[in-house]
Amino acid sequence: MSSTRLAKLGDDDNFWSMGDTGPCGPCSEIFFDNGKNFDGKAPGEGDTGERYIEIWNLVFMEFNRDSNGKLSSLPVKCVDTGMGLERMCSVMQEVGSNFDIDIFKSLKNLMSKHFSEPNDQSLNVLADHLRAIFFLMAENIMPSNEGRGYVLRRLIRRAVRHGYKMGSRDPFLSQFLTHLENDFKEDFGDDFLKFEKIQKDLLTEEQLFFKTLKTGIEIFEASINDTDGKQLDGAIAFKLHDTYGFPVDLTMAMAQERGLKVDQKGFDKLMKKQREGSKSSSMFKVLDLPVLSGRIGICPMPGRFSSFQTNFSSITDWRPQLVITVAQFFEMEKIGITSFPNDLRAEGVEWMYFPVSDYGVPDHEQDRWANISNKAHKVLNEGGRVLCHCHGGCG
């Protein structure tokens, strides 16, 4: 092979490690040249574009890096090889992008018919994310606010936002799963055994986000006019995350589309303040106001609190004077308590609802929570019963 087709790029590009510590070693990346009809420069000379596509990576596992950065020779060395399936398909099918291979192209064509204003970038996101969403849920990973569940939730919400950009104002992802079924069921039969449940759960998650998506986007658009043309205020990113369920990376992607960056330091500062505030908030002081969660019961005052299902079916028998529901705004319909049953009101049960964020009581809701807390203490001091149902943001 001619030396003109080799490029040594240094440790930043040609040394692989799994983290700050652990097995590591030099690597050789193999690129395919799609030819002069595609834009791009050779590796080491600039942006490779669609002309030069990395299709393979060989990692020569020779070392172990300790916490001080010292490299020690591994007793058993090996070669870790990884090939990009979609990239190899793009080479075999002589197209310049993963998203132009047959399986993605057919999926994009089917999805585009659903939208009034389809665009290629958003369809690429949907084609990629839809597949990831389905197979994550097939592994029993559900949308949540932590760990793998939060990765899934971010994928869903990013996909929903791109569908919104193309004109959709109603859930659509769960419908598109049927396209995946047609393409993948034969080869991945076991993953489709719970297909209907996955569809239903995905629809529920879409419905929750659609309830706040429109308002969140309007706040984002209005805030664009107040920027210096370079950066979106971290307080806006925090508000979108805290109140409207926008993962910060979604806000960053939206800002990037408008040529802006997000004030990450400002956002992180508010997140830290919120976390610290939630620890000291009266909501979480058991001795201040006992809370009984639908998931975990804490009963510091025996005999005056009782657990119940989210449909309130057992409240009448227990006969509390006050029921407080603490939940995130977009969780309310999922719980099924967007309105309190009239028959319970007729029984004299008072219901108070308090919206929270992922990390507790928002600063602008402190007075409201104080009023609810005072009401609960009044009922308790008069010998009555208070039941606090905590869901979603209460952790």
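All of the points below concern the structure found in this document.

Criteria and thresholds
Residues numbered from 1 in each chain as written. Predicted model: local features only at pLDDT ≥ 70, side-chain atom pairs only at ≥ 80, totals over all residues. Heavy atoms only, no water. Helix = DSSP H or I, 4+ residues; strand = E, 2+ residues; numbered from the N terminus. Buried < 20%, exposed > 50% of the residue type's maximum accessible area, 1.4 Å probe, protein only. Areas by Shrake-Rupley, 256 points an atom, 1.4 Å probe, with all protein chains shown as cover. Pairing = 2+ DSSP bridges. Axes fitted to C-alpha atoms, helices over the stretch in contact; angles between N-to-C directions. Contact = heavy atoms within 4.5 Å. Polar contact = N/O pair within 3.5 Å; in protein donor to acceptor, adjacent residues only side chain to side chain. Arc of directions from axis to C-beta. Core = buried A, V, L, I, M, F, W, Y, C linked by side-chain atoms within 4.5 Å. Phe/Tyr/Trp six-rings, centres within 6.5 Å; stacked < 30°, edge-to-face > 60°. Expected span 1.5 Å × (residues − 1).

Some thoughts on the overall build of the protein chain
Inference 1: In terms of helices and strands, the protein chain carries 14 helices and ten strands.
Inference 2: Looking at the protein chain as a whole, 42% of its 395 residues are labelled buried.
Inference 3: Total accessible area on the protein chain stands at roughly 21,800 Å², and carbon and sulfur atoms take up 49% of it.

Some words on the sheet that holds strand 1 (residues 15-17)
Inference 1: Taken together, four strands build an open sheet; the order of strands is 1-2-3-4 and the sheet is antiparallel. Here the strands that pair on one side only, and so sit at the sheet edges, are strand 1 and strand 4 (71-83). For this sheet the average axis-to-axis angle between neighbouring strands, irrespective of direction, equals 30 degrees.
Inference 2: In this sheet, strand 4 lies alongside strand 3 (residues 52-65) in antiparallel orientation, the contact comprising nine bridges. Its bridge partner being in strand 4, Met-61 is matched across the sheet by Cys-78.
Inference 3: Each of strand 2 (22-33), strand 3 and strand 4 is contacted by helix 2 (residues 85-92), which is oriented at about 145 degrees to strand 3, the strand it contacts most.

Examining the side chain of Asn-34
Inference 1: Looking at the secondary structure, you find Asn-34 in the loop between strand 2 and strand 3.
Inference 2: Side-chain polar atoms of Asn-34 contact the backbone oxygen of Glu-50, separated by 2.9 Å.
Inference 3: Apart from the residues lying within four places of it in its own chain, the contact partners of Asn-34 are Glu-50, Arg-51, Ile-53, Val-95 and Gly-96.

Looking at helix 2
Inference 1: Along helix 2, the residues classified as buried are Met-88, Ser-90 and Val-91. End-on, the buried residues of helix 2 take up no more than an arc of 155 degrees, which puts them together on one face. In helix 2, the exposed residues that point more than 90 degrees away from the buried face are Leu-85 and Met-92.
Inference 2: The inward-facing, buried residues of helix 2 contact strand 2, strand 3 and strand 4.
Inference 3: Just downstream of helix 2 lies Glu-94, where phi reads positive at about 60 degrees.

Notes on the pairing of strand 2
Inference 1: Strand direction decides the pairing type here: strand 1 and strand 2, joined by three bridges, are antiparallel. Bridge pairing in strand 2 places Ser-17 opposite Cys-24.
Inference 2: Hairpin connection, strand 1 to strand 2: the antiparallel pair is bridged by four residues.
Inference 3: Bridge count for strand 2 against strand 3 is ten bridges, and the pairing is antiparallel. Within strand 3, the residue paired with Gly-22 across the bridge is Arg-65.

Points about the nonpolar core
Inference 1: Formed by 53 residues in total, the largest nonpolar core has its most connected members in Leu-126, Leu-173 and Phe-246.
Inference 2: Mapped by element, the contributors of at least two residues to this core are helix 3 (102-112), helix 4 (120-138), helix 5 (147-165), helix 6 (173-184), helix 7 (195-224), helix 8 (234-244), helix 9 (248-257) and helix 10 (264-280).

Details of the packing of aromatic side chains
Inference 1: Taken as a whole and assessed by the stated rule, the structure comprises 14 aromatic pairs.
Inference 2: Arranged with centres 5.9 Å apart and planes meeting at 85 degrees, the rings of Phe-135 and Phe-184 form a pair that is edge-to-face. Here Phe-184 lies in helix 6 and Phe-135 lies in helix 4, a separation of 49 residues in the sequence.
Inference 3: On the accessibility criterion, Phe-135 (21% relative accessible area) is partly exposed.

Regarding helix 4
Inference 1: Taking 1.5 Å of rise per residue, the 19 residues of helix 4 would be expected to cover 27 Å, and the 27 Å separating its terminal C-alpha atoms lies within 8% of that figure.
Inference 2: Its side-chain oxygen at 3.2 Å from the backbone nitrogen of Gln-121, Asn-119 defines the N-terminal cap of helix 4.
Inference 3: Asn-140 sits one or two positions beyond helix 4 and adopts a positive phi of about 70 degrees.

As for the environment of Glu-94
Inference 1: Turning to its location among the elements, Glu-94 is positioned in the loop between helix 2 and helix 3.
Inference 2: Each C-alpha atom of the pair Glu-94 and Asn-34 lies 7.6 Å from the other, and the pair is 60 residues apart in sequence.

Interpretation in functional terms is not warranted from these geometric data alone.
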